[in-house]
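Coordinates in review
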Amino acid sequence: MLSIFPFENDIPPDMLKGIPVGRKDYLREGTVADWRGPFREVHSPLLIRTVAGLSQKRIGSVPSMDEEASLSILRDARAAFHNGRGEWVVLPARERALRFNAFLEQMEGLRDDIVRLLQWEIGKTARESGNEFDRALSYARSCMEKITEYGNAGEAFVEGGGISGRLERVPCGVVLIMGPFNYPLFETMTALAPALLSGNTVIIKPPRLGCLFFQHILKPVEEIFPKGTVNFVYGDGRRIIPPLLASGGIDVFYFIGTSSVAAYLRGLHPKPHRLRCILGLEAKNPAVVLPDADIQTAAAECAKGALTFNGQRCAALKILFVHRSVANEFNECLNGFIETFRSGMPWEDGVVLTPLAENDRVEYLSGLVDDALGLGAGVVNEGGGGSAGTFFYPAVLYPAAVTMRVCREEQFGPVVPIVPYDDINEPLKYIRESNYGQQASVFSRDMSHIRDLTSYLVHHVSRVNINCQCQRSPDTVPFTGRKDSAEGSLSTSEAAEAFTVPTFIATKTGNVDLIL
């Protein structure tokens with residue numbers, strides 16, 4: 001497996017453009033400035049082969065801020081909001097959209113740089129990196145259209161019960177955006193676009209992995225938005241984020257991560273009921289394969305659902321319940337599909353499996369496999385669980401049991417537990433008692449079975465996928481979860497509501513001129 005890693009001379013010249021990203025710039029009061037404090041070096045999970053073994057390649061550096069710098073950036077954001085009277089806040093919706101569109105046009109010119117850095121920083125394939133970029137800008141433009149339409153329609157005039165009034169929506173204030181490493185551009189944009197277009201000011205905390213490309217965005221931000229409207233805070237999140245929440249100066253908290261971290265951070269806010277939270281948290285999405293399922297379809301969808309971007313997706317399939325009568329056939333088909341997934345570097349054509357973004361993930365996944373083997377499971381695919389450096393080859397575990405760690409923890413990697421069942425109530429009990437409730441997939445050719453399972457599952461997960469893998473798209477439908485998997489919801493159709501508050505300006509009917 002060492003052979004998937006390149007020698008330095010094997011790296012395509014195009015992939016080395018702009019590497020390392022050596023600038024240490026940041027935004028201070030809306031102006032790009034040179035950071036004169038400490039910085040953190042960023043290394044790629046794409047290891048380099050040398051005569052001495054594998055080594056990590058330095059691909060850039062970013063500022064490492066402290067509490068004082070973090071709070072200074074918060075003051076910039078609050079000053080820009082200016083109690084609802086800031087320059088960006090009072091602009092008409094159409095003018096905000098024009099400026100935001102200018103920002104997106106400059107982003108288009110950065111596509112190659114950002115796609116390249118997504119490959120280097122998190123090991124995402126060139127195809128998936130390009131898809132993330134394109135989808136992020138498509139999402140932003142859809143938000144722009146929706147919010148512009150909303151603004152152009154004017155405020156709603158309401159009459160009733162002797163009262164006349166104007167119903168409008170106003171921005172919440174300062175939005176703190178903390179996206180995840182696996183979709184650092186897309187998940188940041190899903191908050192940035194609606195928050196800005198609605199008139200808020202924002203602070204972006206780039207993830208530790210997937211942070212370098214934000215350096216390319218600083219200059220467009222400086223040129224297009226009023227100072228303090230868009231801000232970036234870099235550094236150890238454990239050090240710089242608690243002071244922001246504890247200050248009480250954050251009005252909306254957008255966070256993708258674990259429920260324990262979310263609970264801790266929101267608990268720091270001195271007025272927690274004033275803090276609006278939009279949270280994407282853990283998931284343990286199951287697939288349920290019934291005995292009458294089309295096994296080829298089920299196996300193909302489960303292979304893609306479990307292993308796209310190495311399973312490092314909240315919407316990935318993370319546990320498969322397969323009826324015992326078809327389990328052997330399913331396993332054989334699943335393994336056949338996995339064998340077709342090419343391993344290699346993100347820039348290589350047709351590659352599906354790449355090194356993992358987190359340096360310690362291989363050790364963690366190996367621990368899950370060892371635990372399962374100790375409790376009676378076997379690795380049933382050739383080469384499963386093999387590793388080298390940051391690369392981990394998918395491990396299909398059968399027969400898995402719900403008592404195993406891999407069935408209770410969100411593995412966030414290419415380990416696929418298959419749990420055989422005899423009675424449909426076995427997977428349903430697992431889903432019912434799970435702490436998580438994002439999505440589920442059901443595979444069956446019997447419409448009565450599909451209807452029965454769907455009517456049950458909608459009370460435990462937020463999306464049911466029939467004969468297909470779990471996923472987020474289309475972006476027009478709400479993306480959320482039940483239980484500990486999410487709080488709040490986001491989609492392009494909900495963009496106007498997510499980052500605004502309804503306000504009603506009222507008077508006695510007959511005094512309408514006072515509110516027009």
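For clarity, every value in this text was computed on a predicted model and none was experimentally measured. (Residues numbered from 1 in each chain as written. Predicted model: local features only at pLDDT ≥ 70, side-chain atom pairs only at ≥ 80, totals over all residues. Heavy atoms only, no water.)

As for the side chain of S198
Basically, it comes down to this: Only DSSP runs of H or I with at least four residues qualify as helices, and only runs of E with at least two residues qualify as strands; both kinds are numbered from the N terminus onward. Polar contact is the term for a pair of N or O atoms within 3.5 Å; when the atoms are in protein, one must be able to donate a hydrogen and the other to accept it, and sequence-neighboring residues count only if both atoms are side-chain atoms. Here a residue-residue contact requires only that any non-hydrogen atoms of the pair lie within 4.5 Å.
Secondary-structure assignment places S198 in the loop between α6 (186–197) and β10 (201–204). Of note is the side chain of S198, whose polar atom sits 2.7 Å from the backbone oxygen of P194. With near-sequence residues (within four places) excluded, S198 lies in contact with R96, I147, P171, A495, A496, F499 and T500.

A few points about the sheet that holds strand β8 (residues 163–171)
To keep things clear, this is the line we draw: Between any two strands, pairing holds if DSSP finds at least two bridges. Helix axes are fitted only over the stretch in contact, all axes being lines through C-alpha atoms; the angle between N-to-C directions runs from 0 to 180 degrees.
Ordered by their spatial adjacency, three strands build an open sheet running β7-β8-β28, and the pairing between neighbours is antiparallel. Strand pairing shows two members of the sheet lacking a second neighbour, β7 (156–160) and β28 (500–508), which therefore form its edges. Strand-to-strand twist across the sheet, computed as the mean angle between neighbouring axes with direction ignored, equals 30 degrees.

Concerning the pattern of salt bridges
Keep this limit in mind: What makes a salt bridge here is a side-chain nitrogen of Lys or Arg within 4 Å of a carboxyl oxygen of Asp or Glu, nothing more. With a 1.4 Å probe rolled over the protein chains alone, any residue whose accessible area is under 20% of its type maximum counts as buried; one over 50% counts as exposed, and the rest are partly exposed.
A complete count under the given rule lists 28 salt bridges for this structure. For K57, the salt bridge is made with E8, and the minimal N-O distance between the two is 2.9 Å. Note that K57 is positioned in the loop between β5 (53–55) and β6 (58–63) and E8 in the segment before β1 (25–28), a separation of 49 residues in sequence. Judged by relative accessible area, which is 15%, K57 ranks as buried. According to the relative accessible area criterion, E8 is partly exposed, its value standing at 35%. R28 serves as the salt-bridge partner of D76, at 2.8 Å between the closest nitrogen and oxygen. Placement of the pair is D76 in helix α1 (residues 67–81) and R28 in strand β1, with a sequence separation of 48 residues.

Some words on the packing of aromatic side chains
Formally: Here the aromatic set is Phe, Tyr and Trp, taking the six-membered ring for Trp, and pairing holds for ring centres within 6.5 Å; pairs whose planes are under 30 degrees apart are stacked, those over 60 apart are edge-to-face, and all others are tilted. Here, a charge over a ring means that NZ of Lys or CZ of Arg falls within 6 Å of the ring centre while also lying within 35 degrees of the ring normal.
Going through the model one piece at a time under the given rule, you end up with eleven aromatic pairs. Ring geometry for F253 against F255: centres 5.5 Å apart, planes inclined by 25 degrees, an arrangement best described as stacked. Neither F253 nor F255 differs from the other in exposure class; each is buried. An aromatic cluster of three or more residues is present, and its members are W88, F100, F103 and F225. Seen from the ring of Y183, K124 lies directly overhead, with NZ or CZ sitting 3.6 Å from the centre. Here the basic side chain of K124 rests over the ring of F309, its NZ or CZ set 4.8 Å away from the ring centre.

Looking at unusual backbone geometry
In this model, I19 is joined to P20 through a cis peptide bond whose omega is 0 degrees. Relative to the elements of secondary structure, P20 occurs in the segment before β1. Backbone torsion omega between S473 and P474 reads 0 degrees, so that peptide bond is classified as cis. With respect to the secondary-structure elements, P474 resides in the loop between β25 (463–466) and β26 (482–483). A positive phi angle is found at H82, which is not glycine, with a value near 50 degrees.

Some thoughts on the nonpolar core
What counts is decided by this rule: Among buried residues, the Ala, Val, Leu, Ile, Met, Phe, Trp, Tyr and Cys ones that are joined through side-chain atoms within 4.5 Å form a nonpolar core.
Among the nonpolar cores identified, the biggest contains 131 residues, and F100, F103, M189, F330 and L334 are the most heavily contacted of them. Those residues within four positions of F100 in sequence are excluded, and the remaining contacts are A140, M144, M189, A193, L196, L197 and F225. Core analysis: the second largest hydrophobic core is formed by 29 residues, V288, L356, V369 and V461 among them.

So, the pairing of β6
Counting buried positions over the six residues of β6 gives five, a clear majority of the element. Here strand β3 (residues 39–43) pairs with β6 via five bridges, running antiparallel. Looking at the pairing, F39 lines up with P63 of β6.

Quick look at the packing of helix α10 (residues 295–307) against helix α11 (residues 327–339)
Keep this limit in mind: Convention used here: angles under 35 degrees read as roughly parallel, angles over 145 as roughly antiparallel, angles from 65 to 115 as roughly perpendicular, and any remaining angle as oblique. In this scheme, a crossing is called left-handed if the near helix is turned counterclockwise away from the far one by less than a right angle; it is called right-handed if the turn is clockwise. Under the scheme applied here, ten amino acids are nonpolar (Ala, Val, Leu, Ile, Met, Phe, Trp, Tyr, Cys and Pro), four are charged (Asp, Glu, Lys and Arg), and all others, including Gly, are polar.
Across the interface, α10 lies against α11 with an axial gap of 9 Å and an inter-helix angle of 50 degrees. When the axes of α10 and α11 are compared, the pair comes out oblique. Considering the relative orientation of α10 and α11, their crossing is right-handed. In contact with I295, Q296, A298, A299, A300, C302, A303 and L307 of α10, α11 contributes E329, F330, C333, L334, F337 and I338. The class makeup of the residues in the contact of α10 with α11 is twelve nonpolar, one polar and one charged.

Notes on the packing of helix α14 (residues 425–433) against helix α15 (residues 447–457)
Between two packed helices, the angle of one axis relative to the other and the distance separating the axes together describe the packing. Running from amino to carboxyl end, α14 crosses α15 at an angle of 20 degrees, the nearest separation of the two axes being 11 Å. By the angle between their directions, the pair α14 and α15 is classed as roughly parallel. Between α14 and α15 lies a crossing of right-handed hand. Packed against α14, whose contacting residues are L428, I431 and R432, the element α15 presents L453, Y456 and L457 at the interface. For the contact of α14 with α15, the class distribution of residues is five nonpolar, no polar and one charged.

Details of the sheet that holds strand β11 (residues 230–232)
The mixed open sheet is built from six strands, whose spatial order is β11-β10-β9-β12-β13-β27. Bordering the open sheet on either side are β11 and β27 (486–487), each of which pairs with just one other strand. Relative to β27, strand β13 (residues 276–280) is paired through two bridges, and the arrangement is antiparallel. Across the sheet, G280 pairs through a bridge with A486, a residue of β27. Docked against the sheet, α6 engages β9 (174–178), β10, β11 and β12 (252–256), running at close to 165 degrees with respect to β10.

Thoughts on the environment of M404
Considering the arrangement of structural elements, one finds M404 in the loop between β21 (395–398) and α13 (405–408). Remark: the alpha-carbon pair of M404 and V369, spanning 35 residues in sequence, is separated by 9.4 Å. Sequence-distant contacts of M404, defined by excluding residues within four places in its chain, comprise D371, A372, L375, G376, A377 and P399.

Details of helix α4 (residues 111–122)
Residue pairs spaced three or four apart in an α-helix point in one direction, given the helix's 3.6 residues per turn. The following threshold applies: Multiplying 1.5 Å by the helix residue count minus one yields the expected span of that helix.
With twelve residues, α4 should reach 16 Å at 1.5 Å per residue; the first-to-last C-alpha distance of 16 Å fits that figure. Within the span of α4, buried status applies to I114, V115, R116, L117, L118, Q119, W120, E121 and I122. Residue G123 follows α4 closely and has a positive phi angle near 75 degrees.

Some words on helix α12 (residues 361–374)
Taking 1.5 Å of rise per residue, the 14 residues of α12 would be expected to cover 20 Å, and the 20 Å separating its terminal C-alpha atoms lies within 8% of that figure. Just downstream of α12 lies G376, where phi reads positive at about 110 degrees.

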